[in-house]
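Here is what each chain is made of, one letter per residue.
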Amino acid sequence: RMPEVFVLLSSGLRRGELLGLKWSDFDKDEKCITVNRALADIQSRHTKESDHVVAPGIKENPPKWNSYRTIPIDNECADLIDSLPRNGEYIFSNNDGKPQSPNTWSQKLKRFITKMNKEYPDIPILSAHELRHTYGTMLRRRGVDIYTIQKIMGHKDIKMTSEIYVHNELETLRKG
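Now for a description of the structure that goes with this document. Everything quoted here is computed from the prediction, not taken from an experiment. (Residues numbered from 1 in each chain as written. Predicted model: local features only at pLDDT ≥ 70, side-chain atom pairs only at ≥ 80, totals over all residues. Heavy atoms only, no water.)

## A word on the packing of aromatic side chains
For the structure on display, the rule yields 1 aromatic pair. Over the ring of Trp-23 we find Arg-86, and its NZ or CZ is 4.0 Å from the ring centre. (Phe/Tyr/Trp six-rings, centres within 6.5 Å; stacked < 30°, edge-to-face > 60°. Lys NZ or Arg CZ within 6 Å of the ring centre and 35° of its normal.)

## Looking at the packing of helix H5 (residues 128–141) against helix H6 (residues 146–153)
At a minimum axis separation of 10 Å, H5 and H6 run at an interaxial angle of 155°. As summarised for this structure, H5 and H6 are arranged roughly antiparallel, according to the angle between their axes. Regarding H5 and H6, the two cross each other, and that crossing is right-handed. Listed contacts from H6 to Arg-132, Tyr-135, Gly-136, Leu-139 and Arg-140 of H5 are Ile-146, Ile-149, Ile-152 and Met-153. Class assignment for the residues of the contact of H5 with H6 results in 6 nonpolar, 1 polar and 2 charged. (Axes fitted to C-alpha atoms, helices over the stretch in contact; angles between N-to-C directions. Helix = DSSP H or I, 4+ residues; strand = E, 2+ residues; numbered from the N terminus. Parallel < 35°, antiparallel > 145°, perpendicular 65-115°, else oblique. Left-handed = near helix turned anticlockwise from the far one by under 90°. Contact = heavy atoms within 4.5 Å. Nonpolar A, V, L, I, M, F, W, Y, C, P; charged D, E, K, R; others polar.)

## Some details on the pattern of salt bridges
Counted under the stated rule, the structure contains 12 salt bridges. Glu-17 is the salt-bridge partner of Arg-69, the closest N and O atoms lying 2.7 Å from each other. Of this pair, Arg-69 sits in strand E6 (residues 69–72) while Glu-17 sits in helix H2 (residues 15–19), and the two are 52 residues apart along the sequence. Judged on exposure class, the residue Arg-69 and its partner Glu-17 are both buried. With a closest N to O distance of 3.3 Å, Glu-89 and Lys-22 form a salt bridge. Taken together, the residues span a long stretch of sequence, with Glu-89 in the loop between helix H3 (75–83) and helix H4 (102–119) and Lys-22 in the loop between H2 and strand E1 (26–27) at a distance of 67 residues. On the accessibility criterion, Glu-89 (47% relative accessible area) is partly exposed. (Salt bridge = Lys/Arg side-chain N within 4 Å of Asp/Glu carboxyl O. Buried < 20%, exposed > 50% of the residue type's maximum accessible area, 1.4 Å probe, protein only.)

## Remarks on the sheet that holds E6
One open sheet holds the 3 strands; their spatial order is E1-E2-E6, and the pairing between them is antiparallel. The open sheet is flanked by E1 and E6, the only strands paired with a single partner. Two elements, strand E2 (residues 32–35) and E6, share 4 bridges in a ladder whose sense is antiparallel. Bridging from a neighbouring strand, Cys-32 pairs with Pro-72 of E6. (Pairing = 2+ DSSP bridges.)

## Structural notes on the pairing of strand E5 (residues 58–61)
Pairing of strand E3 (residues 38–41) with E5 involves 4 bridges; the strand directions are antiparallel. Following the sheet pairing, Ala-40 is matched in E5 by Lys-59. As paired elements, strand E4 (residues 52–55) and E5 share 3 bridges and run antiparallel to each other. The residue bridging His-52 from the neighbouring strand is Glu-60, located in E5. A loop of 2 residues connects E4 with E5, the two strands running antiparallel in sequence, and Gly-57 in this loop sits at a positive phi of about 80°.

Here it is, written out as structure tokens:
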């Protein structure tokens, strides 16, 4: 069981944003999550004074491009998050309540997705970033306008959003 996959497919969060979610960022009544931070692995053995270290080897950053935002989620996602054990301030903490290392979490995701693919070959092996793109593509196919997708995904500018979701859809239509 890996509830993070469902939340990624329901929100389009980046990996570090998902792992940086705190219980205070989740509003069950309003059915939304607010992106206030992203966790990152510290790349060297030395931390900078400006690093906000939250656990050994893990720091907290603002979201990419300072894309602080609130993302609506459906009932199923809100219920899933609400059902998770509250064993720390982070929603997707380790068993000891500490934040997870993004790189270690990605290895866990790969093992989980590979196992799912073996049991259900129709499920592709996807990275966290590919799950994010799957969400954006689902929004586009449901007719959500490109400006709303940009806002939800936290893209810096509309050019990136349109290159990813409009261009890819045109290519798909050409093949069809």
